[in-house]
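# A structural walkthrough
Here's the letter readout for the chains.
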Amino acid sequence: MSNHADNNKQFYVATANLLNFANPDRIYYDNAPAYDKQAYEHKLHGLTDLLSKANADIIAVQEVWDSEALEALSVSLGFKPEHAVIPLASNDSASPYTQGMGAQGTPAVGIISRFEQLETSLLEGIAPKAVIDIPDIGPYERFNRPPLVLRVDAYGQPITIITAHLKSKRAFFLRDKNGNLLEDMDDPNIRIRAKLRSLCMRAAEAASIRMAIMERLHHTREPLILLGDMNDVTGSVTTQLMTETGEVNYDKSMRDVALFDAARIQARYGWMKDVAYTHIHQGMPEVIDQLFVSEEFLPDSKFSLGQVERVDYFNDHLKWDYADRVTDHGIIRAKIKLND
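The following refers to the structure shown.

The rules behind these values
Residues numbered from 1 in each chain as written. Predicted model: local features only at pLDDT ≥ 70, side-chain atom pairs only at ≥ 80, totals over all residues. Heavy atoms only, no water. Helix = DSSP H or I, 4+ residues; strand = E, 2+ residues; numbered from the N terminus. Rg over C-alpha atoms; globule rule 2.2 N^0.38 Å. Contact = heavy atoms within 4.5 Å. Lys, Arg positive; Asp, Glu negative; His and termini not counted. Charge placed at Lys NZ, Arg CZ, Asp CG, Glu CD. Buried < 20%, exposed > 50% of the residue type's maximum accessible area, 1.4 Å probe, protein only. Arc of directions from axis to C-beta. Salt bridge = Lys/Arg side-chain N within 4 Å of Asp/Glu carboxyl O. Phe/Tyr/Trp six-rings, centres within 6.5 Å; stacked < 30°, edge-to-face > 60°. Lys NZ or Arg CZ within 6 Å of the ring centre and 35° of its normal. Core = buried A, V, L, I, M, F, W, Y, C linked by side-chain atoms within 4.5 Å. Pairing = 2+ DSSP bridges. Axes fitted to C-alpha atoms, helices over the stretch in contact; angles between N-to-C directions. Expected span 1.5 Å × (residues − 1). Polar contact = N/O pair within 3.5 Å; in protein donor to acceptor, adjacent residues only side chain to side chain. Parallel < 35°, antiparallel > 145°, perpendicular 65-115°, else oblique. Left-handed = near helix turned anticlockwise from the far one by under 90°. Nonpolar A, V, L, I, M, F, W, Y, C, P; charged D, E, K, R; others polar.

### Here's the deal with the overall build of the protein
Each helix and strand in the protein was counted, giving 5 helices and 16 strands. Whereas a compact globule of 340 residues would reach a radius of gyration of roughly 20 Å, the protein reaches 20 Å, a difference of no more than 12%. Restricting to contacts in the protein with at least 6 residues of sequence separation, those with at least 24 account for 72%. When the 36 basic and 48 acidic side-chain charges of the protein are each reduced to a single mean position, those positions are 4 Å apart.

Below you can see the structure in the form of structure tokens.
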């Protein structure tokens, strides 16, 4: 089942943005060329090389357009095709979501897992209490990229995995139905308003994910892991909306539903801390790909079922020339050991 000895009851979980991973000869954006066979093979081999170093048992992925591409990557990493779960990029003609056409309009998130799958679901609609009006657009009621929820059985312990890819900080300008701009991108006031729209969207998504997490964690002892491309740093308002880690300082009972940054609670804290970044934005390194765990992975909790032994960042490829990169994000991986 696992890369790692079963009697140790340990596993590795990782997250990686795969930067528009799609089948060959498939148009995913109108303004982007499709991968030819050679470019696809280069992308597949490059991603395999990067992810094989992480040697993870559970891999959350973002920016995937086709399930066949993800299944090919899974096989090249030593998984089976059925270990890849990505409903919104399905190439199965029987899919009620895609009719076999893969992701449309925007890429999807997925999870590759060696462990038995107990439950799969999507967070498609924004929770009613998280719906807000986006300036000049109206109520934001559905996720642009719905988060994926996968519940797995890890050595007899059910664990819920949620992966998300939140709205980016990129300014959201108004366009007509054909994609033509309706606003002056060079107007600084309009640019700010367009960035405000993106922030509002990301905030609504974060709040909705938070509400789904609380529903799953409240008065339960089943652990949960949230990971993915959050498009903002760990201490940002939107990221903290999802985790509410700081609330524990004022109310210890919040431990039941709060999430904790794996990098801060790892047993070997400081391990590789000087190289902890997953993305370079305008020349500045930052951590926007994140991994959070519930109270059950805190070693000092009376409800502890295990602990985060260490967190690693795989990001050397971000120093390469852009043309040589198969992804513009680093990989974050946590080693989790369950109690005997």
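### Examining helix α2 (residues 67-76)
Of the positions making up α2, those classed as buried are S67, A69, L70, L73 and S74. What you see down the axis of α2 is that its buried residues fit within an arc of 160°, all on one side. Residues of α2 that are buried in the fold lie against β1 (10-21), α1 (37-54), β2 (58-64), β3 (84-85) and β4 (108-113). Directly after α2, the chain includes G78, whose backbone phi takes a positive value near 95°.

### Some points on the pattern of salt bridges
When the charged atoms of two side chains with opposite charge come close together, those side chains can pair. Counted according to the given criterion, the structure contains 21 salt bridges. Residue D49 pairs with K53 through a salt bridge whose shortest N-O separation is 3.0 Å. In this pair, D49 and K53 both sit in helix α1, 4 residues apart, roughly one turn of the helix. Given a relative accessible area of 39%, D49 falls into the partly exposed group.

### Observations regarding the packing of aromatic side chains
What the rule picks out here adds up to 7 aromatic pairs. Arranged with centres 5.8 Å apart and planes meeting at 80°, the rings of F11 and F115 form a pair that is edge-to-face. Pair noted here: F11 is in strand β1 and F115 is in the loop between β4 and β5 (116-122), with a separation of 104 residues, a long-range link. With relative accessibility at 0%, the residue F11 sits in the buried group. Here F115 falls in the buried class, since its relative accessible area comes to 2%. The interplanar angle of 85° and the centroid separation of 4.9 Å between the aromatic rings of Y29 and W65 together place this pair among those described as edge-to-face. You can see Y29 sitting in the loop between β1 and α1 and its partner W65 sitting in the loop between β2 and α2, a full 36 residues away along the chain. Using a relative accessible area of 0% as the deciding quantity, one classes W65 as buried. Members of the aromatic cluster, joined through ring pairs, are Y28, Y29, Y35 and W65. Taking the ring centre of F79 as reference, the NZ or CZ of R114 above it sits at 3.9 Å. Directly above the ring of F303 sits R221, whose terminal nitrogen or CZ lies 3.7 Å from the centroid.

### Some words on the nonpolar core
Nonpolar side chains tend toward joint burial in soluble globular proteins. With 97 residues, the main nonpolar core has F11, L18, I225 and L226 as its most contacted residues. No other element matches the 9 residues that helix α3 (residues 188-217) contributes to this core. Not counting chain neighbours up to four residues away, the residues in contact with L226 comprise I162, I209, I213, M242, L259, Q290, L291 and F292.

### Quick word on the sheet that holds strand β16 (residues 331-338)
Whenever strands of a sheet pair, they do so through backbone hydrogen bonds, lying parallel or antiparallel. With mixed pairing, the 6 strands of this open sheet are ordered in space as β3-β4-β2-β1-β16-β15. Two strands bound the open sheet, and with one partner strand each, they are β3 and β15 (306-314). Direction of pairing for β1 relative to β16: antiparallel, over a ladder of 6 bridges. Pairing of A14 across the sheet is with R333, part of β16. Sitting on the sheet, α1 touches β1, β2, β15 and β16, and the angle it makes with β1 is about 155°. Its contacts with the sheet place α2 against β1, β2, β3 and β4, and it is angled at close to 140° to β1.

### Some words on α3
Under the 1.5 Å per step criterion, the end-to-end length of α3 is 43 Å for 30 residues, consistent within 8% with the ideal 44 Å. For α3, the capping residue at the N-terminal end is D187, with a side-chain oxygen 2.9 Å from the backbone nitrogen of N189. Remark: H219 follows α3 within two positions and exhibits a positive phi of approximately 55°.

### Focus: the packing of α1 against α2
A packed helix pair is summarised by two numbers, namely the angle formed by the two axes and the spacing between the axes. Their axes nearest at 10 Å, the elements α1 and α2 cross at an angle of 45°. In terms of their interaxial angle, α1 and α2 are classed as oblique. Seen from above, α1 lies across α2 with right-handed handedness. Across from Y40, L44, L47, T48 and L51 in α1, the residues of α2 making contact are A69, A72, L73 and S76. A class-by-class count of the residues in the contact of α1 with α2 yields 7 nonpolar, 2 polar and no charged.

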